[in-house]
Amino acid sequence: MELSSLSAFLQAADTGSFVAAGKNLGVTASAVGKSVARLEEHLKVRLFHRDTRNMTLTEEGRIFLARCRRVMEELQAGEAELSSIAADPSGRLRISMPLSFDFLMPLMAEFMDAYPSILLDIDLTDRVVDLIEEGFDLVIRTGTFIDSGLMRRSLWRFGYVLVASPGYLAAHGTPSTPEELARHQCLRQRSRRTGKLYDWDFVDDGLLPTEKAVVSELAPLVQLTLLGKGLAYFPRYAVRRQLQEGTLVAVLEGYVMKTEQMSGLWPTSRQLSPRVRAMVDFLSERLKAFGA
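A short tour of the structure in this document, coming up. (Residues numbered from 1 in each chain as written. Predicted model: local features only at pLDDT ≥ 70, side-chain atom pairs only at ≥ 80, totals over all residues. Heavy atoms only, no water.)

## Describing the overall build of the protein chain
Here's step 1: Helix and strand counts for the protein chain stand at 10 helices and 11 strands.
Here's step 2: Taking 19 Å as the expected radius of gyration for a compact globule of 292 residues, we find that the protein chain reaches 31 Å, considerably beyond that expectation.
Here's step 3: Taken over the C-alpha atoms alone, the protein chain extends approximately 105 × 35 × 35 Å along its principal axes.
Here's step 4: Burial analysis of the protein chain (292 residues in total) assigns 38% to the buried set. (Helix = DSSP H or I, 4+ residues; strand = E, 2+ residues; numbered from the N terminus. Rg over C-alpha atoms; globule rule 2.2 N^0.38 Å. Buried < 20%, exposed > 50% of the residue type's maximum accessible area, 1.4 Å probe, protein only.)

Laid out in structure tokens, this is it:
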């Protein structure tokens, strides 16, 4: 049973005319008549008594009209309710993001102020999560993705930076080319998931400086760099504040060209909820202020 046929029947019953019903619906009288005929064929009853002058409801038509009005009222109420939810998203929003994305927490606080009816449930983890199995509404990750079961939206593209403390550079000198790194010390990060060291992609492995320390998390690696223990390679967002304050200094900026993409992902099988849409739109807009 098509909704368009129900609309044609309701208009015809209200106006008493296929011509008038067609005008209200923006279709021809013939189209209304065909819709009503299909409805009668589906229901196996006549809904109207028709002759050359008059058109009136049959008893079955009057019974069906009362039901149709209730159905249409429910549809209209449902549409209004969904529109209200879209205008004011609410409910729990489960998000997974990497541990290093704790810098997003000030933005999460702003989001909470902007959408007080949404309850944020944030899981900070570097492991691979199963969105559907674990019940996440949204996952925020970096890199490329091949899972065809996920929808993706780019939120931000950020750069990388090689840094050291002013004290370290004063004691050891500032490298002007990647080749000069061979006489420096470096602080490296190891992936907790794979156990491998993250590459310094702008320099050949043979030119990497001697490792002074290896750390699995960004925050303690930043602390060691601030304490002057060597050069370290970071996503720019991880040391944004320190660069602004001058407690860390970027070096070899003309050689460090890497950028990476942050994306929001959600299951293809799910309709994008107002809560997820609100978060994705909010982050996409607010992260512009961070630059690359």
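## So, the packing of aromatic side chains
Here's step 1: Going through the model one piece at a time under the given rule, you end up with 17 aromatic pairs.
Here's step 2: On the numbers, 5.4 Å between centres and 45 degrees between planes, the contact of F9 with F64 is tilted. One end of the pair, F9, is in helix α1 (residues 3–15); the other, F64, is in helix α4 (residues 59–87), with 55 residues separating them in the sequence.
Here's step 3: Plain terms: the ring middles of Y160 and Y233 are 5.4 Å apart, the flat faces sit at 40 degrees to each other, and that makes the pair tilted. With a gap of 73 residues between them, Y160 in strand β6 (residues 150–164) and Y233 in strand β9 (residues 231–235) connect regions that are remote in the sequence.
Here's step 4: For Y233, a relative accessible area of 7% corresponds to the buried category.
Here's step 5: These aromatic residues form a ring-pair network of at least three members: F101, F103, W156, F158, Y160, W200, F202, Y233 and Y237.
Here's step 6: Of note, R94 hangs over the ring of F136, and the distance from its end group to the ring centre comes to 4.3 Å.
Here's step 7: The ring of Y160 carries K258 above its face, with NZ or CZ at 4.3 Å from the centroid. (Phe/Tyr/Trp six-rings, centres within 6.5 Å; stacked < 30°, edge-to-face > 60°. Lys NZ or Arg CZ within 6 Å of the ring centre and 35° of its normal.)

## Some thoughts on α1
Here's step 1: Its 13 residues place the ends of α1 18 Å apart at the C-alpha level, agreeing with the 18 Å of an ideal helix rising 1.5 Å per residue.
Here's step 2: Taken as a whole, α1 has its buried residues at S5, L6, A8, F9, L10, A12 and A13. (Expected span 1.5 Å × (residues − 1).)

## A short note on the pairing of strand β3 (residues 91–97)
Here's step 1: The sheet contact formed by β3 and strand β4 (residues 118–124) spans seven bridges and is parallel. What sits directly across from S96, in β4, is D123.
Here's step 2: Crossover connection from β3 via helix α5 (residues 105–114) to parallel β4: handedness right-handed.
Here's step 3: The pairing of β3 with strand β5 (residues 138–142) spans two bridges and is classified as parallel. Along β5, the bridge assignment pairs S96 with V139. (Pairing = 2+ DSSP bridges. Right-handed = clockwise from strand over helix to strand, strands pointing away.)

## Side note on unusual backbone geometry
Here's step 1: One non-glycine residue, K44, lies in positive phi territory at about 65 degrees.
Here's step 2: Inspection of the secondary structure puts K44 in the loop between α3 (29–43) and β1 (48–50).
Here's step 3: A positive phi is found at L252, a non-glycine position, where the angle reads about 55 degrees.
Here's step 4: By secondary structure assignment, the location of L252 is in the loop between β10 (249–251) and β11 (259–267).

## What about α3?
Given 3.6 residues to a turn, an α-helix orients residues that are three or four positions apart in the same direction.
Here's step 1: When the terminal C-alpha atoms of α3 are compared, their 21 Å separation across 15 residues agrees well with the 21 Å that a helix rising 1.5 Å per residue should span.
Here's step 2: Along α3, the residues that are buried comprise V32, G33, S35, V36, L39 and E40. The buried residues of α3 occupy an angular sector of 160 degrees when the element is viewed end-on, so they sit on one face. Across from the buried face of α3, at angles greater than 90 degrees, the exposed residues are K34 and E41. (Arc of directions from axis to C-beta.)

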